[in-house]
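# Breakdown of the fold
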Amino acid sequence: MLKKSLIRSLHFFSSSIPLTWLKALSGQDFLAIFYHTISDHELPHIKHLYAVRGSALFERDLDYLLKHFTPIGLIELVEAVYQNKKLPSNSFLLTFDDGLSECYHIIAPILKRKGIPATFFINSDFVDNKALMFRYKASYLIEELFQRKISTSQITPFFEQYQIPFQDIRSGLLSIRWHQEPVLNSIAKAFQIDFRLFLQQQQPYLSQTQIAQMIKDGFTFGSHSQNHPTYNTIDLPSQIEQTLLSQAYLNQYFQLPYQTFAFPFTDSGVSNAFFDKILGEENFQLTFGGAGLKHEKIKGQLQRFGMETQQLSTPKQLIHTEYCYYIIKSIFRKNAIYRN
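What this report covers is the structure whose coordinates are included nearby. This structure is a prediction, so every number in the text was calculated from the model and none was measured.

## Observations regarding the overall build of the protein chain
Along the backbone of the protein chain there are 14 helices and eleven strands. A compact globule built from 340 residues would reach a C-alpha radius of gyration of about 20 Å, and the protein chain, at 20 Å, matches this within 12%. Residues counted as buried form 55% of the 340 residues belonging to the protein chain. Total accessible area on the protein chain is roughly 15,800 Å²; 52% of this is exposed by carbon and sulfur atoms.

## Considering the pattern of salt bridges
Counted under the stated rule, the structure contains 15 salt bridges. The partner of K47 in a salt bridge is E143, with the nearest N and O atoms 3.1 Å apart. Of the two residues, K47 is situated in the loop between β1 (31–35) and α3 (55–68) and E143 in helix α6 (residues 134–147); the sequence distance between them amounts to 96 residues. For K47, a relative accessible area of 37% corresponds to the partly exposed category. One salt bridge in this structure joins D61 and R53, with 2.7 Å as the shortest N-O distance. In this structure D61 comes out as buried when scored by relative accessible area, which is 0%. Classification of R53 as buried rests on a relative accessible area of 0%. A network of salt bridges, in which partner residues are shared, links E59, D63, R113 and K114.

## A few points about the packing of aromatic side chains
Pairs of aromatic rings are described using the distance from one ring centre to the other and the angle between the two planes. A full pass over the atoms with the stated rule returns 24 aromatic pairs. Ring plane angle 20° and centroid distance 5.6 Å describe the contact between Y35 and F96, whose orientation is recorded as stacked. Taken together, the residues Y35 in strand β1 and F96 in strand β3 (residues 91–97) connect sequence positions 61 residues apart. Taking 6.2 Å as the distance between ring centres and 65° as the angle between the ring planes, the aromatic pair formed by Y249 and F254 counts as edge-to-face.

## Focus on the nonpolar core
If you look at the biggest cluster of nonpolar residues, it comprises 60 residues, and the most contacted ones within it are L77, L94, F96, L111 and F120. Counting residues per element, this core draws most heavily on helix α14 (residues 315–331), at seven residues. What L94 contacts, discounting residues up to four positions off in sequence, is I33, Y35, L62, L111, I116, P117, A118 and T119.

## Let's talk about the side chain of S225
Inspection of the secondary structure assignment puts S225 in the loop between β5 (220–223) and α12 (236–254). A polar side-chain atom of S225 sits 3.1 Å from a polar atom in the side chain of N123.

## Describing the environment of T20
Checked against the element boundaries, T20 lands in helix α2 (residues 19–26). For the pair T20 and N90, spaced 70 residues apart in the sequence, the C-alpha separation amounts to 9.9 Å.

## Focus on the packing of α6 against helix α9 (residues 181–190)
Where α6 meets α9, the axes come as close as 10 Å, and the angle between the chain directions of the two elements is 30°. Relative to α9, the element α6 lies roughly parallel. In this structure, α6 crosses over α9, and the sense of that crossing is left-handed. Contacts from F134, K137, A138, L141 and L145 of α6 reach α9 at E181, L184, N185, I187 and A188. Class assignment for the residues of the contact of α6 with α9 results in seven nonpolar, one polar and two charged.

## Considering the environment of T287
Inspection of the secondary structure assignment puts T287 in strand β7 (residues 286–289). The class for T287 is buried, based on a relative accessible area of 0%. Taking the C-alpha atoms as reference points, T287 and Q301, 14 residues apart in sequence, are found 4.8 Å from one another. For T287, the contacting residues outside a window of four places in its chain are F261, F263, F275, I278, L279, G300, Q301 and L302.

## Thoughts on α14
The end-to-end C-alpha distance of α14 is 25 Å, a good match for the 24 Å that 17 residues give at a rise of 1.5 Å each. Burial analysis of α14 places twelve of its 17 residues in the buried class, which makes it a mostly covered element. Of all the positions in α14, only P315, L318, I319, H320, T321, E322, Y323, C324, Y325, Y326, I327 and K329 are classed as buried.

## Some thoughts on unusual backbone geometry
The residue Q163 is not glycine, and still its phi comes out positive at about 55°. Relative to the assigned elements, Q163 resides in the loop between α7 (152–161) and α8 (169–174). Take Q163: its relative accessible area is 74%, and that puts it in the exposed class. For H228, which is not a glycine, the phi torsion comes out positive at approximately 65°. Tracing the backbone shows H228 in the loop between β5 and α12. Classification of H228 by relative accessible area gives buried; the value is 3%.

Analysis parameters
Residues numbered from 1 in each chain as written. Predicted model: local features only at pLDDT ≥ 70, side-chain atom pairs only at ≥ 80, totals over all residues. Heavy atoms only, no water. Helix = DSSP H or I, 4+ residues; strand = E, 2+ residues; numbered from the N terminus. Rg over C-alpha atoms; globule rule 2.2 N^0.38 Å. Buried < 20%, exposed > 50% of the residue type's maximum accessible area, 1.4 Å probe, protein only. Areas by Shrake-Rupley, 256 points an atom, 1.4 Å probe, with all protein chains shown as cover. Salt bridge = Lys/Arg side-chain N within 4 Å of Asp/Glu carboxyl O. Phe/Tyr/Trp six-rings, centres within 6.5 Å; stacked < 30°, edge-to-face > 60°. Core = buried A, V, L, I, M, F, W, Y, C linked by side-chain atoms within 4.5 Å. Contact = heavy atoms within 4.5 Å. Polar contact = N/O pair within 3.5 Å; in protein donor to acceptor, adjacent residues only side chain to side chain. Axes fitted to C-alpha atoms, helices over the stretch in contact; angles between N-to-C directions. Parallel < 35°, antiparallel > 145°, perpendicular 65-115°, else oblique. Left-handed = near helix turned anticlockwise from the far one by under 90°. Nonpolar A, V, L, I, M, F, W, Y, C, P; charged D, E, K, R; others polar. Expected span 1.5 Å × (residues − 1).

See the structure below:
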């Protein structure tokens, strides 16, 4: 609660501080940025999860970034990390998680027009719309149940069966975690909500053909696990398996000359042993978290800043707030990540 209050306050006044001052005070002139998708239409599988920025606001984001930063590509960043090649001052890397279809239909055309490279991290189990991620199932279920006017009492038994606390439909379904996905499937089956039909009609994910075309157009791709678990809730062998099999899919179908990985949800709680295996033995060049501006002790592990925190926030508000928050954390030595 204190953190949210602080960020709201920073959001209000940080824009009045020149960005050059914030960069100088923080010592950070490189930003790795992530989104999931961009859309001008309501997406039922995302509606209840986070705010989706429209194409006009997305272009404003990009224009602001281009004014104050220099875009770089993934390979350029790899060379900077391992070959000590200097990045352009005030550079940024643009990334997108989950491999959603708007990356092909909306995002890529805008980026091509503006000459901005980007990296897209995909879940191998979802390519070609073979399955739907559990959080997207939850959002879609909420929307369908609300439209059908299903009552809380009708849903309660499903949570009692799995011994999961339940108060209302929205908070209950959003509380479901990766290992509890059978609850979502049971509810969908009981109320004749067809995830497969939704996948066929909505086509929320990229296809192999679309990925191949994006690679041909110069975009880069990385792995994002097989099916999007929270890594600190699964054991180390499962973390490694999810990562390697997701990357194996990319290697098999697209023969990429690099290996990179972005954590689904968060890298919090992931041990040094994971990075020793992935960045060491398995020769991944880079891995990415989503903790915002922070120092990383592990070579090859970088943190990214999310731009979807508030739908109507300007890019200036979002970026200035992140810099201010980093500066405040540095005063209390909370701006670095330590692992066991």
